[in-house]
Amino acid sequence: MTLSVVELGRPERAMMGLLQPPDSSVPTRQAAFILCRPLGVEAVRTSAMFRALSERLAREGCATLRFDYHGTGDSAGDEREQTMAAWVTDVLAAHDAVCRIVGHDNIHWFGAGLGGNLALKAAIRARLSPRRLVLWEPVTDGGELEARLLEGHRDEVAFGRELTWQEVRRRELEPEPSLPGWVLGFDYGQALVDEMRQIRGLPLSQAARRGIAVYCAISDAERDRLDVPDGDPVMQIESLSDASNWMTSRVTGQPLVPPGALRAVVSGLG
Amino acid sequence: MRERTLTFGAGGRLVGTLTVPDDWDAVPQRYTALLSNSGVIPRVGWGRVNVRIARRFAALGIASMRFDMSGLGDSAGADSGLSAARQWVEDTRAAMDAATESIGSRRFLMVGLCSGADIAYLTALEDARLEAAVLWDLCCYPTRKARIRAVLRRLRRIGFSALKRVPGAMIGYIRRRAGPASSGKSEESEGFYGRTEMPSREEFVPLIARLVERRVALLFGYSGSAPRWFNYREQFADMFSDSGWLDQVSWEYLPDCDHLHTQRRSQQLFNDWVEAWVRSHVLNRQ
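Read on for an overview of the structure.

Calculation notes
- Residues numbered from 1 in each chain as written.
- Chains lettered and ligands numbered in written order.
- Predicted model: local features only at pLDDT ≥ 70, side-chain atom pairs only at ≥ 80, totals over all residues.
- Heavy atoms only, no water.
- Helix = DSSP H or I, 4+ residues; strand = E, 2+ residues; numbered from the N terminus.
- Expected span 1.5 Å × (residues − 1).
- Buried < 20%, exposed > 50% of the residue type's maximum accessible area, 1.4 Å probe, protein only.
- Contact = heavy atoms within 4.5 Å.
- 1 Å grid on protein atoms, 1.4 Å probe; cavity = no way out; pocket = protein on both sides within 12 Å on 5 of 7 lines; lining within 4 Å.
- Points joined across faces, edges and corners; volume = space filled by probe spheres on them.
- Phe/Tyr/Trp six-rings, centres within 6.5 Å; stacked < 30°, edge-to-face > 60°.
- Lys NZ or Arg CZ within 6 Å of the ring centre and 35° of its normal.
- Pairing = 2+ DSSP bridges.
- Axes fitted to C-alpha atoms, helices over the stretch in contact; angles between N-to-C directions.
- Salt bridge = Lys/Arg side-chain N within 4 Å of Asp/Glu carboxyl O.
- Buried area = accessible area lost by both parts, 1.4 Å probe.

1. Considering helix H3 (residues 115-126) of chain B
All names here are of chain B.
- End to end, H3 covers 17 Å across twelve residues, agreeing with the expected 16 Å (1.5 Å per residue, within 8%).
- Most of H3 is tucked away, with nine of its twelve residues classed as buried.
- Residues of H3 that are buried: Gly116, Ala117, Asp118, Ile119, Ala120, Tyr121, Thr123, Ala124 and Leu125.
- In the core, the buried residues of H3 are packed alongside helix H2 (84-103), strand S5 (107-113), strand S6 (130-136) and helix H6 (201-213).

As structure tokens, this is what we get:
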């Protein structure tokens, strides 16, 4: 299962990608995956999940690309200058690269957290659509995301001082976090924050109209925010009773990969 | 500066990213920094701290290799049967081999954060190519003064009304101290940043002595994130006053830094501190 490094994107939006080939001990499928990471601290916390998904898919005979959007992770660039719109073009660049590498267009996408939103936006725009989208806990409300980021930051900073956030503030040890700004180790610029704040619901029906099969796992509480046509045969919505928390450095006893996520990616292979 | 991700190690199962200064071939000392995982955090580091260090080092003429050890980040797990620590030392040596093969690196320093610090000093014990190490929140052995300060801090937090609980706590403490001898491991050191295994002070001191004897430059740093364990500037000197090597290593307590560098200010303080030490203690080495 030798990984290979793939250089993605235009020179001015260079990205680092890793292609995991199918396991040589199993029959190769005519299907490949692109994994779209969430952002910032959530990308850090889900790195093992993305590796595990790649390895699992390799054992299913699929090639898998995981990559860092420009300005994030190991890719070149400054995160503060990034936007969701630009990251959507990164997903499309990754898709084109995988089509070229594997020589077919039976490409499935998996996106977690904000990566799910990027994947959905890119799928709607793609010249050559992905065959299937698996969206794991995408963001359905930008305001809630902002609140969770700020709360996660307060919690992490307070934990790092063995104090409560109220004590941190009373002693004036750290400033109140705000967006745009540095939150949980990620420098959010104004343009990105403006885009995040505009997230309301998920335009799943636009993907369905393009014939893209969609699987979306989302918490019970968010389900009514989805734009889901009744009885759509290509749309599968999974309700999650427990939302993942990828905004903390503490290992919280969550499994490395939500069991349903593995099932979701593999089941779509037919 | 140019950056290139590569696979290396047996079967190409390890992943690392080289950051190389533009004038690398003209740099006389040609140090390469190793940056790696801290706990289960991938090679980019929490808040991309390793990416920022790598790019800052490049401006100093230092190349760097940030890499994921076996089973962490992008690197596949190993089937060698070695313990995790043993495997990660081997991985670190493989990262040095890969940097040598790719860009001709010969001399190395390592910035080890938390569990990465454990791997840094363990690797230096085995491999003379590693000439310097920054050891962030490595082993900690609370002194009497540190324990008293920790208790006072706790009292301040919970209020002095809790003093009525002190007699009971003291009896518990005395009972624990008078109980059967431990296995030689420091009771306090267990659990320092989640470590399940840590050498006792008596085991740790001679290991560092071996590195000092070999002239490995060492910088110990402690964050403000574990005030129960480390809580005053001179604690390091008090912990190792009779070690024989205290004046041959550098140390600092950075209470405004958090363990992971979640805050921008923490990253800046840490990076400034590392850079100053590298300039004064590494780049001028013969």
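2. As for empty space enclosed by the protein
- Evaluation of the coordinates by the stated rule reveals six cavities of 30 Å³ or more.
- Of the voids in this model, the largest cavity is the one considered here, and its volume is about 280 Å³.
- Every residue lining the largest cavity is counted, 25 residues in all, and those nearest its centre are Ala43(A), Val44(A), Asp68(A), Gly73(A) and Val44(B).
- The element that contributes the greatest number of residues to the lining of the largest cavity is helix H1 (residues 41-45) of chain A, accounting for three residues.

3. Looking at the packing of aromatic side chains
- Under the criterion given, the structure shown has 23 aromatic pairs over all chains.
- Arranged with centres 6.1 Å apart and planes meeting at 45°, the rings of Tyr141(B) and Phe204(B) form a pair that is tilted. Taken together, the positions of Tyr141(B) in the loop between S6 and helix H4 (144-158) and Phe204(B) in helix H6 put the pair 63 residues apart, joining distant regions of the chain.
- Taking relative accessible area as the criterion, Tyr141(B) reaches 5% and is therefore assigned buried.
- Over the ring of Phe159(A) we find Arg250(A), and its NZ or CZ is 3.9 Å from the ring centre.

4. Quick notes on the sheet that holds strand S8 (residues 250-254) of chain B
All names here are of chain B.
- Read across the sheet, eight strands follow the order S1-S2-S4-S3-S5-S6-S7-S8 without closing on themselves; strand pairing throughout is mixed. Only two strands of the sheet have a single partner each, and these edge strands are strand S1 (2-8) and S8. Sheet twist, expressed as the mean angle between neighbouring strand axes with direction ignored, is 20°.
- Bridging between S1 and strand S2 (residues 14-20) involves seven bridges; their strand directions are antiparallel. Paired with Leu6 across the strands is Gly16, a residue of S2.
- Lying over the sheet, H3 contacts S5 and S6, oriented at roughly 155° with respect to S6.
- Contacts from helix H8 (residues 264-282) reach strand S3 (31-35), S5, S6, strand S7 (217-223) and S8, with the element oriented near 155° to S6.

5. Looking at the pattern of salt bridges
- Applying the stated criterion across every chain yields a total of 50 salt bridges over all chains.
- Between Glu79(A) and Arg48(B) there is a salt bridge; the shortest N-O distance is 2.9 Å. With Glu79(A) in the loop between strand S4 (63-67) and helix H3 (84-102) and Arg48(B) in the loop between S3 and helix H1 (49-59), this pair bridges two chains. Just as Glu79(A) is buried, Arg48(B) falls in that class too.
- With a shortest N-O distance of 3.0 Å, Glu174(A) and Arg161(A) are connected by a salt bridge. Here Arg161(A) lies in the loop between helix H5 (142-159) and helix H6 (165-170) and Glu174(A) lies in the loop between H6 and strand S7 (181-183), a separation of 13 residues in the sequence.

6. Let's talk about the environment of Gln254(A)
All names here are of chain A.
- Within the secondary structure, Gln254 sits in the loop between strand S10 (235-240) and helix H9 (259-267).
- The spacing of Gln254 and Ser244 is ten residues in sequence and 7.7 Å in space, taken between C-alpha atoms.
- For Gln254, the contacting residues outside a window of four places in its chain are Arg45, Ser244, Asn245 and Trp246.

7. Describing unusual backbone geometry
- Look at the link from Leu179(A) to Pro180(A): it is a cis peptide, with omega at 0°.
- Note on placement: Pro180(A) falls in the loop between H6 and S7.
- Even without glycine at this site, Leu184(A) takes up a positive phi of about 55°.
- Among the structural elements, Leu184(A) can be located in the loop between S7 and strand S8 (186-188).
- Even without being a glycine, Asp137(B) presents a positive backbone phi close to 55°.

8. Considering the interface of chain A and chain B
- In this assembly, 39 residues from chain A lie in contact with 42 residues from chain B.
- Buried area between chain A and chain B, summed over both chains or domains, comes out near 3200 Å², and the portion from carbon and sulfur atoms is 44%.
- Of all residues in chain A, the largest losses of buried area upon contact with chain B belong to Asp74(A), Glu162(A) and Trp182(A), amounting jointly to 23% of the total for that side.
- Seen at the junction of chain A and chain B, the total is ten salt bridges.

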